[in-house]
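Here's the letter readout for the chains.
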Amino acid sequence: MKAPRPAAKSRESAVNLLPTATSTDVQEQQPRVAVLPIGSFEQHGRYLPLITDTAIACTIGQEIADAYPVHLLPPITMSCSHEHAAFPGTVSISAKTLYAVIDDIRASLARSGITKLVIINGHGGNYVLSNIVQEANVDGPAVALFPLGSDWDRARDDAGLASDRHADMHAGEIETSILLHAAPELVREGFADADHDGGPRPFLLVQGMSAYTESGVIGSPSHATAGKGKAVLESLRMSFAAYLGALG
């Protein structure tokens, strides 16, 4: 009979995935807008964890909650990662399930008097979120999706990143930089020599990520620094103000 393997050592993260506000805190603040981080549980190469997108969405959410009077919610930690299915550890839920969960959350918030919601999306494959926002705003501004591509582009410019959004798609310079700043203990060795150019990816939704990368990486993590990650988050925090204005 084989002896059991020793338990894996946990790597405690500085990222606070769960908000710690009390009910009294919320009552005193009386926020009009809730913020919902949405991440994923998907491969990010050999040096970033499966929770990367969730950690980044939560980090952005906390930056926003520190600067604006919003009600920060706990994250949705699994989403639409079907293009990563060929890589071990990835877990997905369907687009219709994600839609239903967000719909239920909105209904619950509305019963407590919070009728505005900002979805902080940490995973680019959550295409359904755009449709959710479209439908939610038919009768007036109610839901916003953040950050959009223009916000990410501005943050890249403000932080002086070497790569662009297309080339640096996954586990690259920007994601690694954010975690190097916010939770360096989550970043393992190997990112400095993991750059991979995925080139044009016309059939990504048909063939998945594995058709364009063996490592799971598409991007330039070798350029990542904690300083860039801090600057990206500062830029996103500033960009968020316009979304509050748009919600009214």
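Criteria and cut-off values
- Residues numbered from 1 in each chain as written.
- Predicted model: local features only at pLDDT ≥ 70, side-chain atom pairs only at ≥ 80, totals over all residues.
- Heavy atoms only, no water.
- Helix = DSSP H or I, 4+ residues; strand = E, 2+ residues; numbered from the N terminus.
- Buried < 20%, exposed > 50% of the residue type's maximum accessible area, 1.4 Å probe, protein only.
- Axes fitted to C-alpha atoms, helices over the stretch in contact; angles between N-to-C directions.
- Parallel < 35°, antiparallel > 145°, perpendicular 65-115°, else oblique.
- Left-handed = near helix turned anticlockwise from the far one by under 90°.
- Contact = heavy atoms within 4.5 Å.
- Right-handed = clockwise from strand over helix to strand, strands pointing away.
- Pairing = 2+ DSSP bridges.
- Phe/Tyr/Trp six-rings, centres within 6.5 Å; stacked < 30°, edge-to-face > 60°.

Looking now at unusual backbone geometry. Along the chain, Phe 146 connects to Pro 147 via a cis peptide bond; the corresponding omega equals -10 degrees. The phi angle at Gln 30 is positive, at roughly 50 degrees, despite the residue not being glycine. Assignment of secondary structure puts Gln 30 in the loop between α1 (23-29) and β1 (33-38). For Gln 30, a relative accessible area of 63% gives the class exposed. For Ala 171, which is not glycine, the phi torsion reads 60 degrees and is therefore positive. Mapping Ala 171 onto the fold places it in the loop between α5 (149-159) and α6 (173-182). The exposure class of Ala 171 is buried, given its relative accessible area of 0%.

It is worth spelling out the packing of helix α2 (residues 52-67) against helix α8 (residues 226-247) at this point. At their nearest, the axes of α2 and α8 sit 10 Å apart, and the two run at 55 degrees to each other. Classified by the angle their axes make, α2 and α8 are oblique. Remark: the crossing between α2 and α8 carries right-handed chirality. Each of Thr 59, Ile 60, Glu 63, Ile 64 and Ala 67 in α2 lies in contact with α8, whose residues at this interface are Leu 233, Leu 236, Arg 237 and Phe 240.

Turning our attention to the pairing of β1. The buried count for β1 comes to six of six residues, which makes it a mostly enclosed element. Here β1 shows a buried face lined by Val 33, Val 35 and Pro 37 and a second buried face lined by Ala 34, Leu 36 and Ile 38. Once the chain exits β1 it traverses α2 before rejoining the sheet at strand β2 (residues 70-72), and the crossover so formed is right-handed. Pairing analysis gives six bridges linking β1 to strand β3 (residues 116-121), with the strands arranged parallel. Residue Ala 34 lies in a different strand from β3, and its bridge partner there is Leu 117.

Here β3 lies mainly inside the structure; six of its six residues are buried. Residues of β3 alternate between two faces, with Lys 116, Val 118 and Ile 120 on one and Leu 117, Ile 119 and Asn 121 on the opposite face, all of them buried. Examined bridge by bridge, β3 and strand β4 (residues 143-146) share four bridges and lie parallel to one another. Following the sheet pairing, Val 118 is matched in β4 by Ala 144. At this point the chain moves from β3, through helix α4 (residues 128-136), to the parallel β4, and the crossover so formed is right-handed.

Glancing now at the packing of aromatic side chains. Applying the stated rule across the entire model yields four aromatic pairs. Each ring, one from Phe 146 and one from Phe 240, has its centre 5.3 Å from the other, and the planes form 80 degrees; the classification is edge-to-face. Of this pair, Phe 146 sits in strand β4 while Phe 240 sits in helix α8, and the two are 94 residues apart along the sequence. Here the two residues Phe 146 and Phe 240 agree in accessibility, since each one is buried. Measuring from centroid to centroid gives 4.8 Å for Phe 146 and Tyr 243, while their planes differ by 75 degrees, and the two rings are edge-to-face. Here the residue Phe 146 occupies a position in strand β4, and Tyr 243 occupies one in helix α8, the gap between them amounting to 97 residues. Among the residues examined, Phe 146 registers a relative accessible area of 0% and is labelled buried. Grouped by ring-pair contacts, the aromatic residues Tyr 68, Phe 146, Phe 240 and Tyr 243 constitute a single cluster.

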